[in-house]
Amino acid sequence: MKRDLPSYVVRLKGKKSARELWFKRSGWPTRKFKAQDPKSPAFAAEYATILNGTAPKVNAFAVAGLIDHYYRSAKFESLKPRTQKDYIKYLTRLETNAGSVAVKSIERKHVIAWRDQLAKSDGSHYANYFVRVLRVLLEYAIDIGEVKSNTAKGVNSLKYAKAKPQPWPKDKIEAARNARTHSDKTRLLFELLYCTGQRIGDVLTMKWEDIRGAGIQVSQSKTGAELVIPMSQDLRECLRLASRDGETILTAARKSTPYAYRSAADAIMHLRKEIGAEDYNIHAIRHTVASEIGAAGSDDEIAAITGHTTKAMITHYAGAARQEARAKSAQKKRE
């Protein structure tokens, strides 16, 4: 249906339930038109005056306007798609609950109050990430002259007990391979995860054309790392038996579209329940790969498979296995 009103002009219900004309644009003051006939000269003149004479200065932005401005910035566009998706989730919640708040009025105490409130409702991890995203947004506000200081900077993250990674034991890996009730697709999904050590999102986007000889090429969505992972005999056998229904190696049931994350997670959960591996989730398979390499390999060898770029993350994934291997070596020397 063709729009019969100029840009930024909307009809809102007034006190008498009449359909009144208002000017409404993100980051601009919302105001009612004195002239209510959109075809009249008086309306045209008033509309032109609003556009040409009352454009808000940057420091008039409310939170909603700043978020909209940030979405259209080169800074946001330069983020990885996965990061953009994460940021949008938190910024949408911020806009819903505080969209009309003036950015320059946000104080440190407000940030702390929001953090603590979210910690109670959504958990400390969620609250900490929210502060991180707010910090990025306010840093952008400084860049465009909206504020002079970042009131989210320096706000401490809440401490909480993080669940320690639990790599899959060897017997569970073998049980997963030998399970009889799950589909060939689930077995292929498991082998792709276990052989390549990649995140589930990257595994689900792997294409047949990414297979190069005895290896598979990986482009990590989160880090941008480009890797070539040699394929195990088990993975090669699964690929040989798999049907090519689409561009991606894993496709939806009876379709050529990529396998959805929810479907993949459900398939692995069904497998975990069958073999009694409920304590070991999808991401723990990545921990397993790093642990197995870390027990005898170097940091560079771990990074060559997992794509990790920092020693801290390598320690996070492989530290326990590496400590155990070194302890065994030390005990042998003692003996």
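This text goes with the structure placed above it.
Residues numbered from 1 in each chain as written. Predicted model: local features only at pLDDT ≥ 70, side-chain atom pairs only at ≥ 80, totals over all residues. Heavy atoms only, no water.

In this structure, what is going on with the sheet that holds strand β4 (residues 211–212)? I would like to understand it.
Whenever strands of a sheet pair, they do so through backbone hydrogen bonds, lying parallel or antiparallel. Taken in spatial order, the three strands make up an open sheet running β4-β5-β6, and their pairing is antiparallel. Two strands lie at the open edges of the sheet, namely β4 and β6 (226–230), each paired on one side alone. With five bridges joining them, strand β5 (residues 215–219) and β6 adopt antiparallel strand pairing. Along β6, the bridge assignment pairs Q217 with V228. (Pairing = 2+ DSSP bridges. Helix = DSSP H or I, 4+ residues; strand = E, 2+ residues; numbered from the N terminus.)

Help me out: how do you make sense of the packing of aromatic side chains in this one?
The geometry of an aromatic ring pair is captured by the separation of the ring centres together with the interplanar angle, meaning the angle of the planes. The final tally for this structure, using the stated rule, is 12 aromatic pairs. Through pairs of rings, three or more aromatic residues link up here, namely Y70, Y71, F76 and Y140. The ring of Y259 has K185 lying over it, and the distance from NZ or CZ to the ring centre is 4.7 Å. (Phe/Tyr/Trp six-rings, centres within 6.5 Å; stacked < 30°, edge-to-face > 60°. Lys NZ or Arg CZ within 6 Å of the ring centre and 35° of its normal.)

Got a minute to help me understand the packing of helix α2 (residues 63–71) against helix α6 (residues 124–143) in this structure?
Geometrically, a packed helix pair is captured by the angle between its two axes and the distance between the axes. Contact geometry for α2 and α6: axes closest at 10 Å, N-to-C directions at 85°. Judged by the inter-axis angle, α2 sits roughly perpendicular to α6. On the side of α2, the interface is formed by L66, I67, H69 and Y70, while α6 contributes V136, L137, Y140 and A141. Among the residues making up the contact of α2 with α6, the classes are represented as seven nonpolar, one polar and no charged. (Axes fitted to C-alpha atoms, helices over the stretch in contact; angles between N-to-C directions. Parallel < 35°, antiparallel > 145°, perpendicular 65-115°, else oblique. Contact = heavy atoms within 4.5 Å. Nonpolar A, V, L, I, M, F, W, Y, C, P; charged D, E, K, R; others polar.)

Would you explain the side chain of T248 in this entry?
Here T248 is to be found in the loop between α10 (233–241) and α11 (261–275). Taking relative accessible area as the criterion, T248 reaches 6% and is therefore assigned buried. Sequence-distant contacts of T248, defined by excluding residues within four places in its chain, comprise L204, T205, M206, K207, W208 and P258. (Buried < 20%, exposed > 50% of the residue type's maximum accessible area, 1.4 Å probe, protein only.)

Just checking my understanding: could you explain the layout of surface pockets for this structure?
Rolling a probe over the atoms, with the probe sized like a water molecule, indicates the empty space that remains. By volume, the second largest pocket amounts to about 400 Å³. Contributing to the lining of the second largest pocket are 21 residues, with D184, K185, L188, C238 and A242 lying nearest its centre. Counting only elements with at least two residues in the lining of the second largest pocket, the list comes to α7 (170–178), α8 (184–196) and α10. Residue composition of the lining of the second largest pocket, grouped by class: eight nonpolar, five polar and eight charged. (1 Å grid on protein atoms, 1.4 Å probe; cavity = no way out; pocket = protein on both sides within 12 Å on 5 of 7 lines; lining within 4 Å. Points joined across faces, edges and corners; volume = space filled by probe spheres on them.)

What am I meant to see in unusual backbone geometry here?
As a rule of thumb, non-glycine residues mostly have phi less than zero, and peptide bonds are mostly trans rather than cis. Even without a glycine there, the phi angle at Y8 is positive, about 75°. With respect to the helices, strands and loops of the structure, Y8 is situated in the segment before β1 (9–13). We classify Y8 as partly exposed; its relative accessible area is 34%.

How do you make sense of the nonpolar core when you look at a structure like this?
Nonpolar side chains in soluble globular proteins tend to be buried together. Counting 41 residues, the largest nonpolar core has W168, L189 and L192 as its most contacted members. Secondary-structure elements contributing two or more residues to this core are α7, α8, α9 (200–204), β5, β6, α10, α11 and α12 (282–294). (Core = buried A, V, L, I, M, F, W, Y, C linked by side-chain atoms within 4.5 Å.)

What is the right way to read the pairing of β6 from this model?
Each regular strand carries side chains that alternate between the two faces of the sheet. Burial of the side chains of β6 is restricted to one face: L227 and I229 are buried, whereas none of E226, V228 and P230 on the reverse face is. In this structure, the hairpin formed by β5 and β6 is closed by a connection of six residues, where G224 is found at a positive phi of approximately 80°.

How should the pattern of salt bridges be read in this particular structure?
Close approach of charged atoms allows side chains of opposite charge to pair. In total, this model carries 15 salt bridges according to the counting rule given. We note a salt bridge from K109 to E107, for which the minimum N-O separation is 3.9 Å. Among the charged side chains, a network of salt bridges with common partners joins E174, R177, R187, E191 and D234. (Salt bridge = Lys/Arg side-chain N within 4 Å of Asp/Glu carboxyl O.)

Just checking my understanding: could you explain the packing of α7 against α8 for this structure?
Two elements in contact, α7 and α8, have axes separated by 10 Å at closest approach and are oriented at 145°. Contacts from K170, I173, A176 and R177 of α7 reach α8 at R187, F190, E191 and Y194.

What's the story with the side chain of T196 in this structure? I'm lost.
If you trace the backbone, T196 turns up in helix α8. What makes T196 buried here is its relative accessible area of 0%. One polar contact links the side chain of T196 to the main-chain carbonyl oxygen of L192, over a distance of 2.5 Å. Contacts of T196, omitting those with residues within four sequence positions, involve E191, V203, M206, I216, I229 and I305. (Polar contact = N/O pair within 3.5 Å; in protein donor to acceptor, adjacent residues only side chain to side chain.)

Just checking my understanding: could you explain helix α5 (residues 108–122) for this structure?
Because the α-helix completes a turn every 3.6 residues, residues three or four places apart line up on one side. End to end, α5 covers 21 Å across 15 residues, agreeing with the expected 21 Å (1.5 Å per residue, within 8%). Every buried residue of α5 is accounted for by V111, R115 and L118. Looking straight down α5, one finds its buried side chains confined to an arc of 70°; they lie on one side. Exposed residues on α5 whose side chains face more than 90 degrees from its buried face are K109, Q117, K120 and S121. Here the buried face of α5 lies against α4 (81–98) and α6. (Expected span 1.5 Å × (residues − 1). Arc of directions from axis to C-beta.)

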